[in-house]
Amino acid sequence: MEVLQHIIKTQGTNVTIIDLEFKQIENLEELLPQLANFSNLKELNLHGNRLAYLPDDLSLLDTVEVLDISNNIFSDLGQVVDALSTMPNLIHLEITLQSKEEEQYILECLTNLQILNSQKVNGDQDGGDETLEQQSEQQSERSISAVQDITLQQYDLEQMAILYDSIREYKKEDQEDKQFDQQIRTIMLDLQSKLKQNNPDHLTNLYILTAKFNLYEICFKSIIKYFKVNDKKLDVIITKIHDMHLQIFNDMSNVISNFKPQSKNQSLINDNKKQVNQSQQGDKTIENRLRLELSELQQQNVELEKENKRYLDLLIKHSKGDRASLPNSEHILKQQNDSYQSQNYSKNQSSSIQQNNAIFQSKQSQNLNSVPQQINVRHLTLKQLKDVINEIYESKQKFDQKCADSKLPRETMEQHMYTYLNQKYGLKSLIIEWATSIINALKKYSAEDNDVAVFGKILRNECDEEFRFVQTQVKNTMQELLKMYLRGKFPLKHQAEIKEMLNQRINGQLYEEEAVDIIKYMYNQEDSELLLNKLKSYYIVPQKNPDRRLTREEQLQLLQEKDKYKLEYSVFQKIILDFQLKSHEKYLKKFIMTFKQMDTDANGIIDENEFRNLIDILNFGAEDLDIQKYLNIIDPYSHQQITFSQCVTLFSSESVPGSNGQLQILQKISEQ
């Protein structure tokens, strides 16, 4: 399975949790050998698949303690229980049940279970029948949502899917499969999150009914959409019926939501009110003490923020080259200050960042009123700067993977630069020193080196992080094309000789004809002419009158090359990469301008509302369901932190209808 192979490649076999939720798995037996490779596996999630049975022998999963097989289509509970009994360490089971009898059957057969459907199991089996019965009732109420008739099972989903297929057959359309699956997943995930909450029974039943209603609402909207195009009169009638039906359901939902059921133990509650009133005085004392502590913490936080501002102001002034009056100036560059401060101290929830900030803040509190008057700014060479950039890239890639595994939001490249420096050096003075040095070096070498220019634009959110991989691919393509050219021109030379010639070209100069061949292969006629004109001013004219007498061989070689022009390979590569960067900037121009309008604090991050406004302004034809789909991809856990690079990656991979078929969203935006 691709998911398991990906986990092995990226995380190895030492993971403790594997999530295979909603993966359409029908046969677990095929996956057992792969799952057995994870020797430390503790938790396995198979929720929402299409399993009708389990393998008879699950002893290969001998380390698994927590198993979720709820919302599958098991037909024989006895077979499932027999299979589960072969798992020696299973102590926590999540499974969809239909009755109290089924729950009691599981408890009797799987005696090692400690938790069933998120409820603790009473380990004392010899206790009174009344206690066991009460516990069984509580667990059954959770597994069947308190009222047995109000459930949402796999059977309901299948019946709705059959109805939807009938509508699609009637419409003769096959283009809504992905959208349909995404809508189902959205509804079920929303229901699942609500059922995990500790809600009253009437609200739980309401959530299940609402999910059912929304499922059939998909069918309703699909048929209305069809009649809106093909039968206007019928569309008006059905739409009116639908609206009235929806209004009735909403009114009923409001009635249920506002209903406050009378407690069975109301008399006992009334008796306890006196005791509660008596304890309120003590609670007020505790409340006052907590309020005082909160006030002190808030004051301390304000002081730390002021200290942080002073250091950021100092850093920014050094990046501008102003070293005159450092501590007394209060001109703060809002973009860098807000980006660093808000993300490293309030928005980001990553445990790693919290640890780094704790170190940073502790040092701030020690030196609250002492700001260093001077910083030793390093003057980095180009090679040193590129080494640092590559280290930041590598650190960012690993950090992004950790955030994905921990279900935390990603950082921007600017944020991660400070995170990286904090993790590497720890001391505030060194962090400021290196950050200032990097910024100064970026200004110095951006015009000289394309890799530096790309990193600088990524920091400023003028280019997406993934574009650096495009530039790497361009470099590799240029070398491969040069190698192909040399093979074609010198077919009798050995592979080693071709490789040596290639290295000579890459580390030195290449001929005009070689450069022309590469450019014409990579670009269309218009772009080729533009690039070839740029190259003309960089060609090296061959020396025709040497100062010394040449040998016959040198004279022959000079005669052969007298009309050939050469070009430094590094210059040739930079021209190509600069052209790629400018083309990419032109491609993103409209999106960048619109994103900056939404990103009012200029930190490269927007929330859900700003993301929706961004899509509205870009106006590429996205509907509410499309926007919800994009949010599920880009911010699945609703952290309200969507970066510029994430938006570019999303809009590069998703497509929308265009004049000539499907187009990438970014392409459609650039053509508007």
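Residues numbered from 1 in each chain as written. Predicted model: local features only at pLDDT ≥ 70, side-chain atom pairs only at ≥ 80, totals over all residues. Heavy atoms only, no water.

Named according to an unreviewed UniProt entry, the protein chain is EF-hand domain-containing protein originating from Paramecium primaurelia.

**Regarding the overall build of the protein chain**
Scanning the protein chain for helices and strands turns up 26 helices and twelve strands. Across the 672 residues that make up the protein chain, the buried fraction comes to 40%. Looking at the protein chain alone, contacts between residues at least 24 apart form 67% of all its contacts between residues at least 6 apart. (Helix = DSSP H or I, 4+ residues; strand = E, 2+ residues; numbered from the N terminus. Buried < 20%, exposed > 50% of the residue type's maximum accessible area, 1.4 Å probe, protein only. Contact = heavy atoms within 4.5 Å.)

**Considering the UniProt feature "domain: EF-hand" (unreviewed entry) in the protein chain**
The UniProt record annotates "domain: EF-hand" (unreviewed entry) at residues 586-621. Secondary structure content for residues 586-621 is 67% helix and 6% strand, while the C-alpha to C-alpha distance between its ends is 22 Å. (UniProt positions renumbered as here; feature names shortened; annotations may be inferred.)

**Thoughts on the packing of aromatic side chains**
Applying the stated rule across the entire model yields 13 aromatic pairs. Ring geometry for Y393 and F455: centres 5.6 Å apart, planes at 80°, overall edge-to-face. You can see Y393 sitting in helix α13 (residues 382-405) and its partner F455 sitting in helix α16 (residues 450-459), a full 62 residues away along the chain. Among the residues examined, Y393 registers a relative accessible area of 11% and is labelled buried. The exposure class assigned to F455 is buried, which follows from its relative accessible area of 0%. Judged by centre distance (5.4 Å) and plane angle (90°), the ring pair of Y523 and F579 falls under edge-to-face. One end of the pair, Y523, is in the loop between α19 (512-522) and α20 (525-535); the other, F579, is in helix α22 (residues 569-598), and 56 residues separate them in sequence. Each member of the pair, Y523 together with F579, is buried. Taken together, the aromatic side chains of F591, F595, F611, F620, Y630, F644 and F651 make up a single cluster linked through ring pairs. (Phe/Tyr/Trp six-rings, centres within 6.5 Å; stacked < 30°, edge-to-face > 60°.)

**A few points about the pairing of strand β12 (residues 661-664)**
Residues in a regular strand project their side chains so that they alternate between the two faces of the sheet. Pairing geometry for strand β11 (residues 655-658) and β12, over four bridges, is antiparallel. Bridge assignment links G658 to a residue of β12, and that residue is G661. Here β11 hands over to β12 after two residues, the two strands then running antiparallel side by side. (Pairing = 2+ DSSP bridges.)

**Points about the nonpolar core**
In terms of nonpolar packing, the biggest core is built from 36 residues, with I18, L84 and L93 touching the most fellow members. When residues of this core are traced back to their parent elements, those giving at least two are α1 (2-11), α2 (32-35), α3 (77-84) and α4 (100-109). Here this core takes four residues from α3, the largest share from any one element. Setting aside residues no more than four positions away along its own chain, L93 makes contact with L67, I69, L84, I106, L110, L113, I115, L116 and N117. Counting residues in hydrophobic clusters, the runner-up holds 27 residues, among them V388, Y420, L421 and V454. (Core = buried A, V, L, I, M, F, W, Y, C linked by side-chain atoms within 4.5 Å.)

**Thoughts on the pattern of salt bridges**
The final tally for this structure, using the stated rule, is 20 salt bridges. Measuring nitrogen to oxygen at the nearest pair gives 2.6 Å for the salt bridge that ties R378 to E433. Of this pair, R378 sits in the loop between α12 (351-366) and α13 while E433 sits in helix α15 (residues 428-445); the two residues are 55 residues apart in sequence, bridging distant segments of the chain. Residue classification places R378 among the partly exposed residues on the basis of a relative accessible area of 35%. What makes E433 buried here is its relative accessible area of 9%. The residue D449 makes a salt bridge to K386 at a minimum N-O spacing of 3.2 Å. (Salt bridge = Lys/Arg side-chain N within 4 Å of Asp/Glu carboxyl O.)

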